[in-house]
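A look at the structure
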Amino acid sequence: NESLSGSSAGIGDLSIGGGPRGTLNELNWLLYGALTLPTGDESSHPPLGKGVLNEKFGVLATYLSPSKDFEMDFLCEYVRAPGLKSKDTMNIGLLAGGKLTDTTRFATGPVAIWNESDNYLIKWRSVGRYTFSKKCHIELVGDVGFKSKNLPPGFSIGLQLRYNF
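Residues numbered from 1 in each chain as written. Predicted model: local features only at pLDDT ≥ 70, side-chain atom pairs only at ≥ 80, totals over all residues. Heavy atoms only, no water.

1. Details of the pattern of salt bridges
Tallied over the full model, the rule gives six salt bridges. A salt bridge links E55 to R80; its shortest N-O distance comes to 2.8 Å. One end of the pair, E55, is in strand 6 (residues 54-64); the other, R80, is in strand 7 (residues 70-80), and 25 residues separate them in sequence. Across the pair R105 and E71 runs a salt bridge, and its minimum N-O distance is 2.4 Å. Placement of R105 in strand 9 (residues 104-115) and of E71 in strand 7 is noted, with a sequence separation of 34 residues between them. (Salt bridge = Lys/Arg side-chain N within 4 Å of Asp/Glu carboxyl O. Helix = DSSP H or I, 4+ residues; strand = E, 2+ residues; numbered from the N terminus.)

The structure is reproduced here in structure tokens:
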């Protein structure tokens, strides 16, 4: 994690979740719930974690063109942060991209985050995906903040593995 006031390196908080998914024509969707465990170092500057257990509820949706070469991705997520250290947040994003090879895809676009104190962060997100099989893929996610109010703009990289049952 890197911001204008310094940088930190290490493992951040860990999220574990699940939910139903479905398809309607070219629209694929996933409704989910997740817990983010406070595994990151909250005392680093900038912090690698929030130091509290977060509850997430959201929807991910992907429109694939009939040829499956182009995609639009949508994210809407509510993060409930119990306790005094953190505020509840809403995340919304829209990314566009498509197929690079038979096993790789790339998408990029803006993501907005704001909390109940009207603080916000707008960042640019890029996602690279490698598909092992129809059931399993891994994504490398990079964020660069470029406009904010009382939230550090920063830079972050994450890795996520998804397995579809």
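Moving on from the coordinates now.
2. Concerning the confidence of the model for the protein
With 85% of its residues at a pLDDT of at least 70, the protein reaches an overall mean of 86. At the low end of the mean pLDDT range in the protein sits strand 1 (residues 2-3), at 47; at the high end sits strand 10 (residues 120-131), at 97. (pLDDT = per-residue confidence, 0-100.)

3. Description of the environment of K56
Following the sequence through the fold, K56 ends up in strand 6. Measuring from C-alpha to C-alpha, the distance between K56 and E77 comes to 6.8 Å, with 21 residues separating the pair along the chain. Ignoring sequence-local partners within four residues, the contact set of K56 consists of S15, Y32, G33, A34, T36, E77, Y78 and V79. A distance of 3.4 Å separates the side chain of K56 from the side chain of S15, its partner in a polar contact. (Contact = heavy atoms within 4.5 Å. Polar contact = N/O pair within 3.5 Å; in protein donor to acceptor, adjacent residues only side chain to side chain.)

4. Structural notes on a nonpolar patch on the surface
Residues W124, L140, V144, F146, F155, I157 and L159 make up a contiguous nonpolar surface patch of roughly 740 Å² in combined accessible area. Structurally, the position occupied by W124 is in strand 10. (Patch = residues over 30% accessible without salt bridge, like charges linked within 9 Å, V, L, I, M, F, W, Y side chains within 5 Å. Areas by Shrake-Rupley, 256 points an atom, 1.4 Å probe, with all protein chains shown as cover.)

5. Some details on the pairing of strand 10
Here strand 9 pairs with strand 10 via eleven bridges, running antiparallel. Residue pairing across strands places A112 opposite I122, the latter belonging to strand 10. What sits between the antiparallel neighbours strand 9 and strand 10 is a turn of four residues, in which D118 has the positive phi angle 65°. (Pairing = 2+ DSSP bridges.)

6. So, the packing of aromatic side chains
Taken as a whole and judged by the stated rule, the model has one aromatic pair. With a centroid separation of 5.0 Å and an interplanar angle of 75°, the aromatic rings of Y130 and F132 are classed as edge-to-face. A residue is classified by how much of its surface remains accessible, and Y130, at 37% relative accessible area, is partly exposed. (Phe/Tyr/Trp six-rings, centres within 6.5 Å; stacked < 30°, edge-to-face > 60°. Buried < 20%, exposed > 50% of the residue type's maximum accessible area, 1.4 Å probe, protein only.)

7. What about unusual backbone geometry?
Here K68, not a glycine, exhibits a phi torsion of approximately 65°, which is positive. If you trace the backbone, K68 turns up in the loop between strand 6 and strand 7. Owing to a relative accessible area of 46%, K68 belongs among the partly exposed residues under this scheme. With a phi close to 65°, N150 is a non-glycine residue in the positive phi region. Mapped onto the fold, N150 is located in the loop between strand 11 (136-149) and strand 12 (155-163). You can call N150 exposed: its relative accessible area is 63%.

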